[in-house]
Amino acid sequence: MPRVPSHPPRQSRAQEPTAVHHPQEPRATDRPQEQRATDRPAAASPTGPAADTPRVGAQRRAAEAQAAARARSEGESAAVDRLATTVERLRLELERTQAQAAGRAVVEMGVGVLVERLRCGPTEAAGQLDSLAEQAGVTVLALAADLVNQAAADEISALAREFVADASVPPTEAVAVRLRSAEADVLASGDAAAAARSMLEHVLRPLGAAAVAIWAAHPDLSLSLAGSAGFPEEEARRWRHVPPGVPTPARRALDERAAVGYPTLAGASLPSIGQHEIHGGRLAVPAGVGGRLIGVLEICWPDALPERSQPLQRQFEALAELAATTLESWSGQEPAACDPADAQFGELRQLTDGLLDPCMILRAAPDSDEFPPRFVIRHLNPAFVDFAGRPTGVLTGARLLEAYPLAAEPGGLADKVEHVFATGEPFRAQDMRLAALVDGVPLTTRAQVSISRHGSHLAVVWRLDDGTPRVARLLQHAQRLGRIGGFEENLRTRQIAWNETVFELHGLPPTAAPLALDQLPDHAHPDDRHAIDRFLRTLLHHQRPASTAFRLQRPDGVTRHIRVVAEPVRDPGSGLGNDPGSGLGTVRGAYQDISAQHWTEVALAATRDQLAQSEQQAAERSRLALQLQHAIMPPTRGPLDLHDLSVAVRYRPAEKDHLVGGDWYDTLALPSGDVLLCVGDVSGHGIEAATGMVALRNALRGLAATGAGPAQLLSWLNSVTHHLTDNVTATAVCGLYEPATRRLRWARAGHPPPVLLRGGRADILPQLGGILLGAIGHADYEQGELVLEADDTLVMYTDGLIERRDESLQASLTSLTALAEESRTGSTTGSDTGSTTGSANLEELLDHLLRYSNADTDDDTCLVGVMVR
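*Asks:* How do you make sense of helix α7 (residues 192–204) when you look at a structure like this?
*Replies:* Since the α-helix advances by 3.6 residues per turn, residues separated by three or four positions end up pointing in the same direction. When the terminal C-alpha atoms of α7 are compared, their 16 Å separation across 13 residues is substantially less than the 18 Å that a helix rising 1.5 Å per residue should span. Within α7, 10 of the 13 residues are buried, which leaves it mostly tucked inside the rest of the structure. Listed in full, the buried residues belonging to α7 are Ala 192, Ala 194, Ala 195, Ala 196, Ser 198, Met 199, Leu 200, His 202, Val 203 and Leu 204.

Dropping the structure here:
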């Protein structure tokens, strides 16, 4: 047997695995000798690393792939950064190029000014401009703008001078350069769109504006977008034309002939270009030439409208002047780069605007991808008059079936429009029914209709049969507002014609059979059949116009109040015979729904009756209160002698008869020999105040018989007022006069104090303490005493004599004393002594106080004068 070797045979070199060196692993020769010695047995072992060589290779290849991916990602990122840097550099270069182009135009104008002033050539003038700028220490562009401002006599130069004169504004170099640069671009381009871009970049964007629009005004009060900047192209195309009657900021500026500004467009509730993209402030400045307004410059801000100072407003006016210069040469044609369909629409619009018949231009809705498409009313010519009476601003931009929903009926206008759009074949009709629905009321007319297709648009022309669309519109409005429907009935053929309103009044569908006149009693309320019979007898038998009102009971159970008016139309070819209907061929008339008027009249009659009853009750109450007051306290009472006193009374009622007050007085000789003097005022007016006054007056008379003093009497009267009357409060002053000693004891309950006249001088008695009557259940009152002398006069009164809305109580009392002294001085001049003369002087005093009092309230007044003889 062959001898088996003790160890496996050594593999040939071809069979040995190829060693792969990984960049991150050390070579075998670089390892320490001990590690190499240790690795050899492991490599020879069937279970060692030599057996895992394929797995290690796969891991190495995955690591290499990740490293390559990272390298590629870093390379792509670097490429993107380099591209962004290049784009930014190109953008800056473009801005510098644009600024240089505008600047060169301004510099060229400055060179032209030097050529004219120095009488030199352009080259020499350019050298002089550089030299002067270097000497002045400013840029060539700024110096050129300054030269142009000095030479020009326009809005920009005036604005620059204002900036120079105003030290509170920034330096003028940037403002003048920006305006002149914009002017140079506008003059160079002559295009409204380029002018808008130049204004935005040079002037408006530094002021915070985001967009600008230049509008051209037309004689028909419509607007066209001549140029814009800062808006999306689709938005600019949508606002290419604004029909008359649309309330935009530009339209407001033209109507007011002045600049109008809005802090936010949403707050103004006005539609305008960019309303969904730019929500900030808007400023519309009218643009005109020679006093004629030809357009508007509209400026948009992303935020609120900035504060418009005078210099800033002048800048906007200067830009509007530049816009007007551009609009003078603007032809109104669509730009060459616009949508061909829009260019075709412009031509079609110009064609239809020249027609004398009403015409609308329709276009399939942009978001309509189904068939048949939905059509939008894009334009209405100046001759268009809606037979339903609606303004054109309401219809423009609306869908056809939204503006005319009844056009969707079979064979109606919508069917004809779809057919023409699908086939391209024009449609002509000599008699076609047109219908509209306004406020739920259907309005119809008949007209000649023509529909033709022009590319993606449709032109719809109609001509009303009567040729008077305005009269038809007014008639339709009158019928709709008055709820009136007309009818005609041929009595021979029994043919009946109703319009839509009559069907609606009767609660019948338009397809139902109309009711004849002789069938009205069957559909009326039973109580109204006699009235309808009289109406029919007058109309059909006597053949005279007739009218009546009745309650119509409709099939749906609703009852309406209807007025019917009719007249007979006699047939001239028929003779008159015994037949009641002979010679009568047709009856024409109208039904009117008067339900609202009927119920209004019923409510008005009920209100009138209720008002009359209330007025009668109020008059009775006032008359009763006045009679009660006059029975107890007459307005004028002659002098009364009580012992050595002369007493006179004056009463002035309130200015308004229904304000019967509660003023009262009483003078009474008591069993004890004293004289009771009192004046009071019950709060409120009317019968309640009058009855309260009677109760307090009688109660005080009874209490005075006890012999108690004035303070005690008022205390008892307060208890009576609080407990025995219904929510009554009052003021009063009470006095007891002893003839033997001429002593006067008195007290007051919230009432103005009396006035004492002695020796030509008037004084207010002390304001004793005391609360008004009825406020609390028990109250104590302070009492005062006074000894009167011969010829003394005591005046007691209510607040109606002195009360003023603009003065305090003390000021009113001072005025009263002055008035009393004035009256006393005049009355005693040349007077004799004696009771008769004294009584006359007392009455003159009261009349003078009542006549010349400066009170300004409408309250009643009671005045009592007491003179000691």
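*Asks:* Before we go on, may I ask you to explain the pattern of salt bridges in this structure?
*Replies:* Proximity of charged atoms lets side chains of opposite charge pair with each other. Tallied over the full model, the rule gives 35 salt bridges. Linking Glu 409 and Arg 433 is a salt bridge whose minimum nitrogen-to-oxygen distance equals 2.8 Å. One end of the pair, Glu 409, is in the loop between α14 (400–403) and α15 (413–423); the other, Arg 433, is in strand β9 (residues 427–438), and 24 residues separate them in sequence. Since its relative accessible area comes to 29%, Glu 409 is described here as partly exposed.

*Asks:* Would you take a moment to explain the pairing of strand β16 (residues 584–593) for this structure?
*Replies:* Residues in a regular strand project their side chains so that they alternate between the two faces of the sheet. β16 sits mainly inside the fold: 7 of its 10 residues count as buried. As paired strands, strand β12 (residues 484–490) and β16 are joined by 7 bridges and run antiparallel to one another. Looking at β16, one finds that Phe 487 is bridged to Gly 589.

*Asks:* Looking at this structure, how should I read the sheet that holds strand β2 (residues 223–229)?
*Replies:* Consider a sheet: its strands pair through backbone hydrogen bonds, and that pairing is either parallel or antiparallel. Judged by pairing direction, the sheet is antiparallel, and its 6 strands sit side by side in the order β3-β2-β1-β6-β5-β4 without closing on themselves. Among the strands making up the open sheet, the edge pair consists of β3 (241–242) and β4 (260–262). Two strands pair when backbone bridges link them, and β4 and strand β5 (residues 282–289) are joined in this way by 3 bridges, in the antiparallel orientation. By the bridge assignment for β5, Gly 261 is matched with Leu 283. Along the sheet face, α7 touches β1 (211–217), β2 and β6 (292–300) and points at about 50° away from the line of β2. Strands β1, β2, β5 and β6 of the sheet are contacted by helix α11 (residues 310–328), whose axis makes an angle of about 55° with β5.

*Asks:* Mind showing me how you'd approach the sheet that holds β12 here?
*Replies:* Pairing within the open sheet is antiparallel, and its 5 strands lie in the order β13-β12-β16-β15-β14. This sheet does not close on itself; its edge strands, each paired only once, are β13 (496–498) and β14 (546–553). For this sheet, the mean inter-axis angle between neighbouring strands, taken without regard to orientation, is 25°. Where β12 and β13 come together, 3 bridges link them in antiparallel fashion. Its bridge partner being in β13, Phe 487 is matched across the sheet by Trp 498. On the sheet, helix α18 (residues 529–541) packs against β14, β15 (559–570) and β16 and is oriented at approximately 145° with respect to β14.

Reading the values: the criteria
- Residues numbered from 1 in each chain as written.
- Predicted model: local features only at pLDDT ≥ 70, side-chain atom pairs only at ≥ 80, totals over all residues.
- Heavy atoms only, no water.
- Helix = DSSP H or I, 4+ residues; strand = E, 2+ residues; numbered from the N terminus.
- Expected span 1.5 Å × (residues − 1).
- Buried < 20%, exposed > 50% of the residue type's maximum accessible area, 1.4 Å probe, protein only.
- Salt bridge = Lys/Arg side-chain N within 4 Å of Asp/Glu carboxyl O.
- Pairing = 2+ DSSP bridges.
- Contact = heavy atoms within 4.5 Å.
- Axes fitted to C-alpha atoms, helices over the stretch in contact; angles between N-to-C directions.

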